[in-house]
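Notes for the structure review
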Number of protein chains: 2
Amino acid sequence: MRISELSAESGVPIATIKYYLREGLLPPGEQTAATRAEYDRSHLRRLRLIRALLEVGRLPLATIRTIITAVEDESLSLHDMLGFAHHALARVEQPPNPDDEDWREAKEMVDRLITEMGWNVDACAPTRDELAWTLVTLKRLGMPATQDDLIPYAKAADDLVRSYDMKKIPLDAPRDTLVEAVVVYEVLYGKAFDVLRRLAQESESARLLGGFPAGTPASSGAPDRPSSAGRDQEA
Amino acid sequence: MRISELSAESGVPIATIKYYLREGLLPPGEQTAATRAEYDRSHLRRLRLIRALLEVGRLPLATIRTIITAVEDESLSLHDMLGFAHHALARVEQPPNPDDEDWREAKEMVDRLITEMGWNVDACAPTRDELAWTLVTLKRLGMPATQDDLIPYAKAADDLVRSYDMKKIPLDAPRDTLVEAVVVYEVLYGKAFDVLRRLAQESESARLLGGFPAGTPASSGAPDRPSSAGRDQEA
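First, a word on what this report is: a plain description of the structure on this page. In this text, all values refer to a predicted model and were calculated from it rather than measured experimentally.

For the pair of chain copies, the relating transformation is a rotation about an axis with a translation along it. For these two chains of identical sequence, chain A goes onto chain B by a turn of 180° and a shift of 0.0 Å along the axis, with RMSD 0.0 Å. Look at the turn and shift together and you get a two-fold axis relating the two. Using C-alpha coordinates, one finds that chain A approaches the rotation axis most closely at A:A156, a distance of 3.3 Å. Residue by residue, 100% of the interface of chain A is reproduced at the interface of chain B, so both copies engage with the same surface.

So this is what it looks like as structure tokens:
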């Protein structure tokens with residue numbers, strides 16, 4: 001297909017496609033004339049991957065370049081290639097001070113938890129730091145979490161991942177489709193689960209605190225209820 | 001206690017406490033002399049709540065004011081007060097166009113799912129829109145989620161909330177402690193679960209794609225593995 005068709009089918013503007021070509025994020029098409037090149041499904045797949053990393057993963061272009069290098073380096077195993085994607089999505093909000101006692105304790109708890117779950121996670125995975133930092137924040141707010149507090153959450157996560165998440169990943173697909181699927185499922189199903197949990201909390205809070213009978217839209221009973229606070233946010 | 005002690009115990013600078021007093025976010029202390037006021041545990045609780053909403057919930061001050069008004073309005077039921085907090089934490093990233101067909105379909109799927117789960121959720125809850133928006137994004141990326149895809153996640157969320165989340169909320173605590181606990185558990189346990197899920201994914205991906213034997217730190221086997229992509233992020 002020509003660049004205009006590639007743009008129409010991917011939804012990515014021609015100028016952006018040209019930019020990705022110049023930057024080497026998209027491999028060149030097959031030159032069929034001096035001013036004309038042909039593109040195929042692999043270009044479409046690559047554009048979808050870039051879009052998923054940018055829009056869903058919200059990753060900076062430099063990180064996307066690193067991931068694409070890993071996708072193109074066929075000598076890297078699938079596991080290592082996906083490791084790049086997993087680790088690029090981790091975010092530690094504040095650089096920890098390695099000497100801080102709360103931080104050291106939290107890091108140790110994360111290590112023990114991973115061992116107890118029998119998980120095989122890179123010793124340097126930034127995901128470990130992300131969890132440790134959440135534990136430090138809970139402790140500083142006066143609501144420390146123990147390992148026993150975390151285990152039920154870890155088990156529920158493990159069940160979902162083994163039974164559902166990983167079953168959706170097309171393990172025999174081309175490398176860029178595979179990375180795209182991992183990023184989309186990691187970020188968007190993570191988001192979906194988070195919202196589902198909040199819906200369940202709202203419902204359970206109604207049950208425990210005497211809200212409205214299940215099935216009745218609560219807003220009809222309390223005309224000036226919370227929505228205003230929510231709208232604040234959306235504006 | 002005096003304002004200096006309130007500052008020391010809460011970790012909030014005196015200037016900030018004075019700002020909250022002027023803005024009415026913190027009720028005045030008891031005036032014991034022309035230039036001296038006494039504060040008590042309720043002030044400490046309120047400061048912790050403001051800090052949790054700001055630092056953990058990342059809410060703008062205008063929204064925090066709305067929530068504090070709800071905390072102080074004793075005529076509001078606990079359920080309605082917590083509704084303010086729940087709804088303030090919802091974020092819809094892009095204002096949806098109500099006529100968009102994908103959006104209408106997604107909204108309907110969310111309504112059906114909530115009914116099927118037997119959840120009692122306000123008909124105007126922004127949380128509904130948040131889930132619908134995630135579904136629209138999945139569909140536009142060519143990976144639509146069906147209701148059957150979502151049910152296992154909804155059930156896992158429901159179990160966690162009923163068995164663990166809500167058991168940790170001190171239902172008989174003062175109103176501001178209660179809101180604080182809900183915000184902290186909603187945001188930080190949500191974050192912890194998200195990270196645990198990604199750890200489980202990394203481990204399962206190692207198992208399925210032939211990573212390193214469980215228990216061996218993967219980094220020792222592959223010296224220049226992904227961490228660089230992660231570091232990119234943290235810098």
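After presenting the structure, the write-up continues.
Now for helix α3 (residues 41-56) of chain A. Helix length check: α3(A), at 16 residues, gives a terminal C-alpha distance of 21 Å against a target of 22 Å (1.5 Å per residue), a fit within 8%. Residues of α3(A) that are buried in the fold lie against α1 (3-10), α2 (14-23), α4 (61-72) and α9 (175-209) of chain A together with α7 (126-140) of chain B. Just past α3(A), the residue A:R58 takes up positive phi, approximately 50°.

Right, let's talk about the side chain of A:D129 for a bit. Residue and element names in this part refer to chain A. Mapping D129 onto the fold places it in helix α7 (residues 126-140). When its relative accessible area of 18% is taken as the criterion, D129 is described as buried. Engagement of the side chain of D129 in a polar contact is seen with the side chain of K107, the distance being 2.6 Å.

Next up on the list: the interface of chain A and chain B. A common way to express how large an interface is: the accessible area buried when the components associate. On the side of chain B, 108 residues touch chain A, which itself brings 107 residues to the contact. Taken together, the connections running from chain A to chain B amount to ten salt bridges. As a salt-bridge pair, B:R162 and A:E204 come within 3.9 Å of each other at their nearest N and O atoms. Linking chain A with chain B are 25 residue pairs in polar contact (both at pLDDT 80 or more), by the criterion used here. By residue number, the principal contributor to the side of chain A that touches chain B is α9(A), which donates 27 residues. Here the side of chain A that touches chain B is built from residues that sort into 57 nonpolar, 23 polar and 27 charged.

Counted according to the given criterion, the structure contains 44 salt bridges over all chains. With its nearest N and O atoms 3.6 Å apart, the salt bridge here joins A:R36 to A:E38. Looking at A:R36, the relative accessible area reads 33%, which means it is partly exposed. For A:E38, a relative accessible area of 27% puts it in the partly exposed group. Here B:K191 makes a salt bridge to A:E130, at a shortest N to O gap of 2.9 Å. With B:K191 in helix α9 (residues 175-208) and A:E130 in helix α7, this pair bridges two chains. Bridged by salt links that share partners, the residues A:D100, A:D102, A:E105, A:K139 and A:R140 form one connected network.

Conventions used here
Residues numbered from 1 in each chain as written. Chains lettered and ligands numbered in written order. Predicted model: local features only at pLDDT ≥ 70, side-chain atom pairs only at ≥ 80, totals over all residues. Heavy atoms only, no water. Least-squares fit on C-alpha atoms with pLDDT ≥ 70 in both. Contact = heavy atoms within 4.5 Å. Helix = DSSP H or I, 4+ residues; strand = E, 2+ residues; numbered from the N terminus. Expected span 1.5 Å × (residues − 1). Buried < 20%, exposed > 50% of the residue type's maximum accessible area, 1.4 Å probe, protein only. Polar contact = N/O pair within 3.5 Å; in protein donor to acceptor, adjacent residues only side chain to side chain. Salt bridge = Lys/Arg side-chain N within 4 Å of Asp/Glu carboxyl O. Nonpolar A, V, L, I, M, F, W, Y, C, P; charged D, E, K, R; others polar.

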